Every structure is written in C-alpha cells, then in structure tokens.
Amino acid sequence: MSAIEGLETAHHHDTEHEHHHEAPNFWQKYIFSEDHKVIAKQYLITGILWAVIGISMSIVFRIQLGFQDANLSWLKPVLGGWISDSGKLDPNFYLALVTMHGTIMVFFVLTAGLSGTFSNFLIPLQIGARDMASGFMNMLSYWFFFLASVIMFASLFIQTGPAAGGWVIYPPLSALPQAHPGSGLGMTLWLASMAFFIVSQLLGGINYITTVINLRTRGMSFDRLPLTIWAFLITAVLGLISFPVLLSSVLLLIFDRHFGTSFYLSDIYINGEALPNVGGSPILFQHLFWFLGHPEVYIVLLPGLGITSEIIATNSRKPIFGYRAMIASMLGIAFLAFIVWAHHMFVTGMNPFLGSVFMFLTLIIAVPSAVKGFNYITTLWRGNIVFTPGMLFSIGLVSLFVSGGLTGIILGNSALDIQLHDTYFVVAHFHLVMGAASAFGLFAGVYHWFPKMFGRMMNNSLGQIHFWLTFIGIYLVFIPMHYVGIAGFPRRYYQFTSYDFTNKFMDMNMFISVAAIFTFVAQFIFLWNFFYSIFKGRKAPQNPWRSNTLEWTAPINPGHGNWEGELPAVYRWSYDYSKPGAKEDFIPQNIPYSQTLESNFPHENELIATEKAIESQNFNDQFKNAH
Amino acid sequence: MESINYKVEKEPQETLAMDPMKFILWLFLVSIIMLFASQTSAYLVRRAEGNWLEFEMPRIFWYSTVVLLISSIAMQWAYFAAKKDQFKQLKIAISITFVLGLAFLWMQFEGWKQLVAMNVYFVGNPSGSFFYVFTGLHGFHIISGLIVLLFSWMAAFRLKVHAKNLRRIQICATYWHFLDILWLYLFVFLLTFN
Ligand code: HEM
Ligand SMILES: [Cu+2]
C-alpha cells in the first residue's frame, strides 16, 4: 500500500470514529454500543440467560427419564398444557425439549455466548487495538443474535410447540408438518432464527479475523500472539467456512417446506397416500449439515482451549509448554475438522470403504488433540500452581477433554459405531468433550477476566465450591451414562418401558437424574456470585493474577479505546513466567528486553536492537485517544 | 553481524497488513464462495444418485453471460477513469455498468420464463430446482451488487470518487468482478453437469 493511501485510510478512521463517539448517550453507550467490551458483556449476559433456560429444560426431561411415574403437575404454571391432567409430560413436548436444549446449548450458549463474549472482549485488549475493525458490524452482529434469540424464544410459546426434530433437524421429520406438531410453525421459526444467527456469526467472525490480522499493535507479531487469540482466530475461520454451508442446507430445507421442491424428500407415504415429492435425498441434508456440524463442535471447543492455555500458563507460573506445537495442533484440528464429517453418518448405508476412509481421518484427530492434552499437563508439571477458580476450571477442562476424547476414539471406529450410534454413549461422549469442557472454558474465562470486565473480583471461596460441586456432578452424570449407552438405550426416547432389558437400568437412570439436578443446583452459586460481584464485589487491582498479557496494562475500567494515550508496544511473547534471573516471576509483553538484561537469553539481547524500530511504528492506532 | 541481519529482517514487520475494510470484503467473499461451493457440491452428490432430469440450457443464458462480462469491463474502465480523475468517463462507465447489471437480471428472469415454457419448474425434479436456486441466489447477490454500485454511482456524480479517494470504487469493483466470475463458474458448471 502506498504511503498516500495509508494516510488516507488513517484519516478515514479518524473521521469515521469521531462523529459517533463525541458524546455517547445512554443508547449509544449501553444498547447500540460499538465498544467491543460492552458488546462482549451483552453476549455474556444473553448467553447466561439462555444457559439458564437450556439447562432447566434438560432437568425437566431428566426427571422424565429417571422417574417415569413422577407427577409433574407442579410444572403446570410454566409448561401449561404440555403437562397432562394426570401430571405427565406430553411426549411430543419431550422431543421439543430435547431439540431446544441442544439448539440453545450448542448455538446460543456455547457458540454465541462463548466466542461472542471472549473473542469480543479479548481480541482488541490482547492484541493492543482500540476496538474491532468495524464497531458497527460488531454491533450488528450482536443485534442479529438478539433477533435470532427473540424468534427462538417466541417459538417456545406457540401452540404447536417449538421445533422437535433434534438439534440436527434431519428431514423428512423436520420437513413435513404432518410428521410432528413441532415441524409446523415451530420449525419455521427455528429456521428463521438460525438464518439470523448465521448472519450474526458471520458478521462477528469476519470482524474477529480482520482485527487479529490487521490491527495488532506494533511489535505484536504472530509468534507473540497469546494462544487465546490464536484460538479465536482459528475458530472464526472455521465459522466463516462452515456457517455458509449450514445456510445452504437450511435454505434448501426452507424451499422443500414452503415451496414444494424435493431436495430432501422422496417416496414418502402418509396414511397410505403418497406425497408428490420425488427425487430428493435426505442423506444429502446430512452431508450438508455435518459439514457444518463437525467444525461447529470445534467452534465450540477451541475458544475454551485457548482460554485454558492462557490461564494454565499464568497460574502455573510457567511458560506454556510447546507454544508452536499448540498452534500447529489447533491448525491441524481445524483442517481435519472439515474432512471427517461422515463419521456422524456411518450407519446411513454409506459405502463401507468410504466409511473406512472417514474412520481413518477421524482417528487422526486424536493426534493433535493428544498433543494439546500433553502440553497442558507438561505446563502444569512442577509449576508453582495457584488454584484460582479460573485455574481449577481450566484443569477441569483438560480432564473432561481427555475423558471425552477417549470415547470419541471408540465411536470413530465405524464397526463399533454400528452398536453405539444414536445411543446414550454418544450423548455421554459429546457432553463431556464438548458440552462440559466448553462450559468449563466459559466458567474459567469468566472467573479469570471478570476483574477486567467489571473492575471487581468474584468471591474466591464460592468459586472453589462451585468448581468442586460442578466437577464432581458432571462426572456423576456422564460416566454412568456411558454404561446406559453400551446397554443399548437409544437417545431421544420418551420412556423405556417397552423393553425388558431397560428395566434393569432404571436405577442407573434415576441416579443420573439425581446427579443432574445436583449439578444444576450448584450453578446457582455461580449465578449469585456473578451478579452479586458485578455490583458489590471487592475492587479489582490492576493485575490480579500477575499476568503478562496486554489487557492488564489497560486501566482497571478501560473506556472506549482501551488505553489512555498511546497504545502499548510489544517486545516479547506472553509467556515469560518465572524466567531465571528475573526480579518478578512474570514479565509483561510490553516490557522491552533492554529493561530486563538480567534475565535475557542471548538471542533476546540481539532483539534489543529492534526495539527502537518497533517503538517508532504506530500505524494501527484507530483513533488516537481513549474517550 | 547477526543483530544487523535481524534488524533488516524485522524492520518491515509493520503489523498493518491491509486496509481493514477491504479485508472485510475479501472475507465476505469467502463466505459467499462457501455458500455456492456447498450448493454445487450438493448438486453433484444428488446428481450421482440418478433419477436426474436433463435439459438444455436456454440460449439467453449465453447472452446474459456476455452482458455481465461487458459490465465487468465497464466497471474496470470506471475504476481506471477514477484513478486518472477523468470524471466524465467515470460517470459514463459506471452508468453503463449499472444498466448492464439490470439488463443481466432481466435476462436471467427471461431465462426462467423460457425454462417454464420448456416444462422445467422450480418444483419438480431437483435438477430443475437446483438450476433455479443457483440462478436465483446469484441474482440475489447481483441485486446486492447493484446497491453497492448505486452508492458508488451517487458518489461519482457528487464528484466524491477521485484519485485520492478510491477506496469506495475499489471495493465496488472487486465485488462486481467477483459476482461476474461467480456467474462464469455457475454457468460453466451448469453446462458441464447438466
Ligand atoms: C478424538 C477425537 C474425537 C473423535 C474420534 C470423535 C468421534 C465422534 C464420532 C464418531 C461421533 C459420532 C457418533 C455417532 O453419532 O454414532 C461423534 C459424535 C459427536 N462428537 Fe465427537 N469425536 C471426537 C472429539 C470430539 C470433540 C472434541 C467434540 C466437541 C468439542 C465432539 C463433539 C461431538 C458431538 C457434538 C457429537 C454428537 C452429535 C450428535 O449426534 O448430536 N467430539 N464423535
Ligand atoms: Cu464429528
């Protein structure tokens, strides 16, 4: 880019930002804010509200599964007609609950709530930028998500009930209103909501990628980026590539539902009468869906892994083990994520040879995953571990990732999957590795960055109690669930009274349900701690965890623009913990090597020569001062 | 010696890689590419299963392709004119682009009518449905391209596009060329796998 053009864009930024930041009124400041930190909090609060709704749903169907004779009349004030006069849950509504639970948790909580919160909050703060590349798009992204939320929420209250075809919405079940009450208006609203959701994710993701690549502060080269940022970047790329494919599949489904095309439908008889649709293929939908669906599970997990890397290194007071290997394994996982989707389709009558190819590719994912697991453990090894709640949840994440990943390897074998597919074994697998692990990532992130978000600390003891109850509760729920799955319990069944073999496991199901309720109740400790601390928590110090990353150099309550005066310059990576010879056990990224002669390695002394050059660069400042 | 080497190597590491707005545009194009890539692969997967209606593409789609190509050339002309501050040419060129874009849309619509006359409907064998979906989705993007063009057109007539303010027209031209290439891809694809 020529110098003149560079100046021109710099100038453009100035004018663009000045005119709508002069005197932000209430609406601009808290509602239609373009400040990434406010948008992050909007995502977080919305995500938490959705989590409460989504998890409550799971408690309702867990009661149904564990206690088939329970009288649910007490739920009538909330669920109304979905509870029969004799206190039974409506079987159709059971399916709707399972579907909405999956949709809400996967997309609204662990995608929007997790990426939306931490990518938004941490990317500008950790790379030393004033804000996202486009604050306006970022604001739109949240409000599209909000719109999607409103539509999805509304669908819970319509007379025919919300969508009920599972979170994967396979046609023909989802395509034909005759198939299920929820496949009528409920499904229409589901599709509309998800279309807006996809737009929101694309707007957000495009912004994250652009910001990370173009708006890093001086000195912040790619090999000095914290692993959190790497994880968010890769997550956003995954989303950018896979969400349009979901849009595609949703679009064709909409045509099938509302215009009578036959992309997914063929030879269907209802009550002995043939439908006019011929020539479609329901398997086609599965291909399209899982091409998104598998990357989606990593979209959910990778931010958690990034957060964990950061927190584990900080609280072990040690450099992260294998920084480059961590990046390489994330890139490897991201690449492989696009070529393994058919492991969800082993039993669709796929050619067994093709099945073996996908099995092979699937099992390769275990390699980069294991690299990450080992690196976390070796980072912890002989560290001066500080057990903050954030750290506990990060270690918990590693544990869940390993135990859930192991069952993935079992499922990845196409022969074993014939027995295990669509049983509770799969449910247990992905709840450990995706659901619980990412939720732990979310908790870890909230505990760790709460001081930066709200300028106050969360209560430490409550955090510790919350961790132990949740950690134990999660395993009590999901370890037994594997056995239920191996025994052959299929997922998405209203009750198991029709078979003999299921009777033997009723007490196990009861146990799981009790454990689930226990874990659910424990989350109120978190909710209380979170909302109470926002207003009444102890005031946060500048750098509560003695961490190296740039966000802790910003003011405790940063304004829009993050840093007063100049943006910080970066001279080193973010993992200089317990460096031999150093005065403190951490050296923040903005400390030049020329100030730490006592702890520099020889090659770092050579870098001192470049510091002047780094200091004099300042092209990325979007608007010159915080305001 | 080595430290000097380092310096030379490190110095150009200016972290700003590109104009963020243009970068955003490119990422946006990636998402559109994925949308159409998934559509065309769905087409191939479905076609491989047999029961596939074959029909000849109406002639008018050849003509519309030519029209879109010419509009792309006009767009490039507009860009060059803006670079040289030749405002008159710029206005003419950008107007031609816009009109040809409209003409393209109209021809696509005529093409649909001819398909209907050939008894190839949106509702029916997926081969026809896909044809409508591809052309329709592309047409939808052309409409968005026309809106972008319209803004550039207005800016051009207010003399706001000139050699020192090229960003808007650059973004507009990139998007328009992209839509052109996208159509060429779809056109060749539909011809090859009819
Ligand atoms: C070693 C790594 C892994 C392997 C080999 C693996 C393998 C599999 C296989 C074969 C299935 C299909 C089972 C079936 O439906 O019959 C499956 C399901 C699933 N996996 Fe994994 N997995 C791995 C890691 C992960 C990770 C890291 C996540 C998420 C972060 C994840 C999330 C899921 C989800 C959500 C499903 C179920 C989707 C559904 O049917 O509703 N898996 N996994
Ligand atoms: Cu998968």
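Residues numbered from 1 in each chain as written. Chains lettered and ligands numbered in written order. Predicted model: local features only at pLDDT ≥ 70, side-chain atom pairs only at ≥ 80, totals over all residues. Heavy atoms only, no water.

### Topic: the site of ligand 1
Residues and elements named next belong to chain A. Around ligand 1 lies a shell of 21 residues, among which Trp167, Asp417, His421, His429 and Arg491 are the nearest. Here His421 contributes a side-chain N or O atom positioned 2.6 Å from an oxygen atom of ligand 1. Between His429 and ligand 1, the recorded distance is 2.9 Å, taken from a side-chain N or O atom to a nitrogen atom. Judged by its atoms lying within 2 Å of the grid points, ligand 1 is housed in the second largest pocket. Secondary structure elements with two or more residues in the shell around ligand 1: helix H9 (282-316), helix H13 (389-411) and helix H15 (424-454). (Near = heavy atom within 4 Å. Polar contact = N/O pair within 3.5 Å; in protein donor to acceptor, adjacent residues only side chain to side chain. 1 Å grid on protein atoms, 1.4 Å probe; cavity = no way out; pocket = protein on both sides within 12 Å on 5 of 7 lines; lining within 4 Å. Sits in = over half its atoms within 2 Å of the grid points. Helix = DSSP H or I, 4+ residues; strand = E, 2+ residues; numbered from the N terminus.)

### Looking at the coordination of the copper ion (ligand 2)
All names here are of chain A. Here the copper ion (ligand 2) is held by the protein donor atoms His294 (ND1), His343 (NE2) and His344 (NE2), which lie 1.9 to 2.0 Å from it. Spacing between the donor residues of the copper ion (ligand 2) along their common chain follows H-x48-H-H. The two metals, the copper ion (ligand 2) and the iron atom of ligand 1, are separated by 4.6 Å. Within this pair, whereas His294 is found in helix H9, its partner His344 is found in the loop between helix H10 (323-337) and helix H11 (352-364), the two being separated by 50 residues in sequence. (Donors = N, O, S within 2.8 Å, 3.2 Å for Na, K, Ca; no water.)

### Comments concerning the coordination of the iron atom of ligand 1
Among all protein atoms, only His429 of chain A (NE2) binds the iron atom of ligand 1, sitting 2.1 Å from it. Topologically, His429 of chain A is positioned in helix H15.

### Things to note about H9 of chain A
Residue and element names in this part refer to chain A. Taking 1.5 Å per residue as the helical rise, H9 with its 35 residues ought to reach 51 Å, and the 50 Å between its terminal C-alpha atoms agrees with that figure. In the structure, H9 departs most strongly from a straight axis at Trp290, where the bend amounts to approximately 30°. Phi turns positive, to about 55°, at Arg317, one or two residues after H9. (Expected span 1.5 Å × (residues − 1). Bend = angle between axes of the 7 residues up to and from the residue.)

### Observations concerning the UniProt feature "transmembrane region" (unreviewed entry) in chain B
All names here are of chain B. Taking the UniProt record as the reference, the feature "transmembrane region" (unreviewed entry) is found at residues 23-45, 60-80, 92-109, 129-153 and 174-193. With 100% helix and 0% strand, residues 60-80 has end C-alpha atoms that lie 31 Å from one another. Its end C-alpha atoms 35 Å apart, residues 129-153 is made of 100% helix and 0% strand. (UniProt positions renumbered as here; feature names shortened; annotations may be inferred.)

### Brief notes about the pattern of salt bridges
Residues and elements named next belong to chain A. For the coordinates displayed, the defined rule picks out 14 salt bridges over all chains. Arg546 is paired through a salt bridge with Glu584; the nearest N and O atoms lie 3.3 Å apart. Here the residue Arg546 occupies a position in the loop between helix H17 (506-536) and helix H18 (602-607), and Glu584 occupies one in the loop between H17 and H18, the gap between them amounting to 38 residues. Arg546 sits in the partly exposed class, given a relative accessible area of 36%. (Salt bridge = Lys/Arg side-chain N within 4 Å of Asp/Glu carboxyl O. Buried < 20%, exposed > 50% of the residue type's maximum accessible area, 1.4 Å probe, protein only.)

### Comments concerning the environment of Phe511 of chain A
Residues and elements named next belong to chain A. Within the secondary structure, Phe511 is located in helix H17. Its relative accessible area of 40% is what places Phe511 among the partly exposed residues. Sequence-wise, Phe511 and Leu597 are 86 residues apart; in three dimensions their C-alpha atoms are separated by 60 Å. Aside from chain neighbours lying at most four places away, what touches Phe511 is Leu476 and Pro480. (Contact = heavy atoms within 4.5 Å.)

### Comments concerning empty space enclosed by the protein
Residue and element names in this part refer to chain A. What the rule picks out here adds up to four cavities of 30 Å³ or more. Considering the residues around the largest cavity, the lining is formed by 48 residues, among which Ile55, Ser58, His101, Met105 and His431 are closest to the centre. Going through the elements one at a time, helix H3 (36-66), helix H5 (91-127), H15, helix H16 (460-486) and H17 are the ones with two or more residues in the lining of the largest cavity. Ranked by the residues each element gives to the lining of the largest cavity, the list is headed by H15, at 12 residues. Across the lining of the largest cavity, the residue classes break down as 35 nonpolar, 10 polar and three charged. Roughly 150 Å³ of internal volume is contained in the second largest cavity. What lines the second largest cavity is a set of 17 residues, and nearest its centre among them are Ser115, Gln201, Gly205, Tyr208 and Ala236. Within the residue set of the lining of the second largest cavity, elements represented by two or more residues are H5, helix H7 (185-214) and helix H8 (227-258). For the lining of the second largest cavity, the element with the most residues is H8, which contributes six residues. (Points joined across faces, edges and corners; volume = space filled by probe spheres on them. Nonpolar A, V, L, I, M, F, W, Y, C, P; charged D, E, K, R; others polar.)

### Things to note about unusual backbone geometry
Generally, phi is negative for residues other than glycine and the peptide bonds are trans, each holding for most cases. Residue and element names in this part refer to chain A. For the bond running from Pro171 to Pro172, omega is 5°, close enough to zero to count as cis. Relative to the helices and strands, Pro172 resides in the loop between helix H6 (135-155) and H7. Unusually for a residue other than glycine, Arg492 sits at a positive phi of about 60°. Within the element layout of this structure, Arg492 appears in the loop between H16 and H17.

### Digging into the packing of H6 of chain A against H7 of chain A
Residue and element names in this part refer to chain A. Put simply, H6 and H7 touch, their axes get as near as 8 Å, and they point 165° apart. Between H6 and H7, the interaxial angle falls into the category roughly antiparallel. Taken as a pair, H6 and H7 cross one another with a handedness that is left-handed. Per-class residue counts for the contact of H6 with H7 are 16 nonpolar, eight polar and no charged. (Axes fitted to C-alpha atoms, helices over the stretch in contact; angles between N-to-C directions. Parallel < 35°, antiparallel > 145°, perpendicular 65-115°, else oblique. Left-handed = near helix turned anticlockwise from the far one by under 90°.)

### Focus: the packing of H3 of chain A against H6 of chain A
Residue and element names in this part refer to chain A. Contact geometry for H3 and H6: axes closest at 10 Å, N-to-C directions at 15°. Considering the angle they form, H3 stands roughly parallel to H6. Crossing geometry of H3 relative to H6 is assigned as left-handed. Within the contact between the two elements, H3 uses His36, Ile39, Gln42, Tyr43, Thr46, Trp50 and Ile53 and H6 uses Gly135, Asn138, Met139, Ser141, Tyr142, Trp143, Phe145, Ser149, Met152 and Phe153. Considered class by class, the residues forming the contact of H3 with H6 number 10 nonpolar, seven polar and no charged.

### Description of the packing of aromatic side chains
Counting across every chain of the model gives 82 aromatic pairs over all chains. Judged by centre distance (5.7 Å) and plane angle (75°), the rings of Phe104 of chain B and Trp183 of chain B are edge-to-face. Residue Phe104 of chain B is located in helix H4 (residues 87-117), and its partner Trp183 of chain B is located in helix H6 (residues 167-192); the two are separated by 79 residues in the primary sequence. Judged by its relative accessible area of 0%, Phe104 of chain B is buried. In this structure Trp183 of chain B comes out as buried when scored by relative accessible area, which is 0%. Here Phe122 of chain B and Tyr132 of chain B contribute two aromatic rings whose centre-to-centre distance is 6.1 Å and whose plane-to-plane angle is 65°, an arrangement assigned as edge-to-face. Of the two residues, Phe122 of chain B sits in the loop between H4 and helix H5 (126-157) while Tyr132 of chain B sits in helix H5, which places them 10 residues apart along the sequence. Given the relative accessible area of 22%, Phe122 of chain B is considered partly exposed. A cation sits over an aromatic face here: Arg216 of chain A above Phe222 of chain A, 4.0 Å from the ring centre. One cation-aromatic arrangement involves Lys91 of chain B over Phe157 of chain B; the distance from NZ or CZ to the ring centre is 5.3 Å. (Phe/Tyr/Trp six-rings, centres within 6.5 Å; stacked < 30°, edge-to-face > 60°. Lys NZ or Arg CZ within 6 Å of the ring centre and 35° of its normal.)

### Digging into helix H2 (residues 20-47) of chain B
Between the first and last C-alpha of H2 of chain B there are 40 Å, a value that for 28 residues agrees with the 40 Å anticipated at 1.5 Å per step. Residue Asp19 of chain B occupies the N-cap position of H2 of chain B, its side-chain oxygen lying 2.9 Å from the main-chain nitrogen of Met21 of chain B.

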